[in-house]
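Summary of the model geometry
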Amino acid sequence: NGAGDSIFVGRSGLLSNGQIKRGLLFFDVAAAVPSGATINDVTLTLNLAQTVAGNENVSLHPALADWGEGTSNSLGGNGAPATPGDATWLHTFFPGSLWASPGGDFNPVASATTSVGLPGFYNWNSATMVGDVQGWLNNPSSNFGWVVIGNEAILQTAKRFSSRDHPTATLRPMLTVDFTPIPEPSMLLFCGLVVMVLATPRRRFLQRKRT
């Protein structure tokens, strides 16, 4: 669903096999946060547009391989023909590059999990996500984003979130990052001068007191 306005996760269908759906999210952290900064807090916000299920856990797992985004568009969530560059259940980049494991290569340990119920906005926030983003900032080549996974154990748990291609900008995925930048050299010099100015009178006071 590379060009579609939705991200689907969970399991749909009425038959015993159903359809398992997983999503992929990528944020170019290094382009938005200064190099060397310390990440203090991270929150992912997704808009749930549609669901037939009640409360279901949806988890973020760091992806372990690069993947692409083609021009496929699954309007109703039932799939669409893959186009060149698409990530699919089998492919990182359709048609020539494959995941090592069908369904995507990702850390089996979730970075964060949130219970998702009725349509609306939901947040994911954890210390592990802070570590993910810090690692992506320190080493941009390791940033493959997150695989989004819902409840795949039973049928009719599918969740439909708005993607970055949604026509309403405020409904698109948003990653909020709180960070502390490294001070510029000029700022370090300024801070040093301030310390000297504040410290000098005290030293003079002590000298006069001793005499």
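For the structure itself, consult the block above.
Anyway, here's the lowdown on the structure attached to this text. (Residues numbered from 1 in each chain as written. Predicted model: local features only at pLDDT ≥ 70, side-chain atom pairs only at ≥ 80, totals over all residues. Heavy atoms only, no water.)

A look at the overall build of the protein
Of regular secondary structure, the protein possesses three helices and 11 strands. Tracing the protein from N to C terminus, the helices and strands come up as β-β-α-β-β-β-β-β-β-α-β-β-β-α. Counting across all 211 residues of the protein, residues that qualify as buried make up 40%. As displayed, the protein offers around 11900 Å² of accessible surface, 59% of which is attributable to carbon and sulfur atoms. (Helix = DSSP H or I, 4+ residues; strand = E, 2+ residues; numbered from the N terminus. Buried < 20%, exposed > 50% of the residue type's maximum accessible area, 1.4 Å probe, protein only. Areas by Shrake-Rupley, 256 points an atom, 1.4 Å probe, with all protein chains shown as cover.)

A few points about the pairing of strand 9 (residues 146-149)
Judged by which residues are buried, strand 9 turns out to be covered on both faces: Trp146 and Val148 on one side and Val147 and Ile149 on the other are all buried. In terms of strand pairing, strand 2 (residues 19-25) meets strand 9 through four bridges, oriented antiparallel. When the bridges of strand 9 are listed, Gly23 appears paired with Val148. Taken together, the four bridges between strand 4 (residues 56-62) and strand 9 define a ladder with antiparallel strand orientation. Pairing of Leu60 across the sheet is with Val148, part of strand 9. (Pairing = 2+ DSSP bridges.)

With respect to the packing of aromatic side chains
Per the stated rule, a full pass over the model turns up two aromatic pairs. Relative to Phe161, the ring of Trp124 has its centre 6.1 Å away and its plane inclined at 70°; by these criteria the two rings are edge-to-face. Note that Trp124 is positioned in strand 8 (residues 120-125) and Phe161 in strand 10 (residues 159-162), a separation of 37 residues in sequence. Residue placement shows Lys21 over the ring face of Phe8; its charged tip is 5.9 Å from the ring centre. (Phe/Tyr/Trp six-rings, centres within 6.5 Å; stacked < 30°, edge-to-face > 60°. Lys NZ or Arg CZ within 6 Å of the ring centre and 35° of its normal.)

Things to note about the side chain of Ser72
Relative to the elements of secondary structure, Ser72 occurs in the loop between strand 4 and strand 5 (91-93). Among the residues examined, Ser72 registers a relative accessible area of 6% and is labelled buried. At 2.8 Å, the side chain of Ser72 and the side chain of Asp86 are in polar contact. For Ser72, the contacting residues outside a window of four places in its chain are Asn1, Gly2, Ala3, Gly4, Pro81, Thr83 and Asp86. (Polar contact = N/O pair within 3.5 Å; in protein donor to acceptor, adjacent residues only side chain to side chain. Contact = heavy atoms within 4.5 Å.)

A short note on helix 2 (residues 127-138)
With 12 residues, helix 2 ought to run about 16 Å at 1.5 Å a step, and its terminal C-alpha atoms sit 17 Å apart, in line with that. The complete set of buried residues in helix 2 reads Met129, Val130, Asp132, Val133, Gln134, Trp136 and Leu137. The opening residue of helix 2 is Ser126, an N-cap whose side-chain oxygen sits 3.3 Å from the backbone nitrogen of Thr128. (Expected span 1.5 Å × (residues − 1).)

Some points on the nonpolar core
The biggest cluster of nonpolar side chains holds 27 residues, and the ones touching the most others in it are Leu44, Trp124, Met129, Val133, Trp146 and Phe161. Ignoring sequence-local partners within four residues, the contact set of Leu44 consists of Leu25, Phe27, Leu60, Tyr122, Asn123, Trp124, Met129, Met174 and Leu175. Residues Trp67, Trp99, Phe144 and Ile149 belong to the second largest nonpolar core, which totals seven residues. (Core = buried A, V, L, I, M, F, W, Y, C linked by side-chain atoms within 4.5 Å.)

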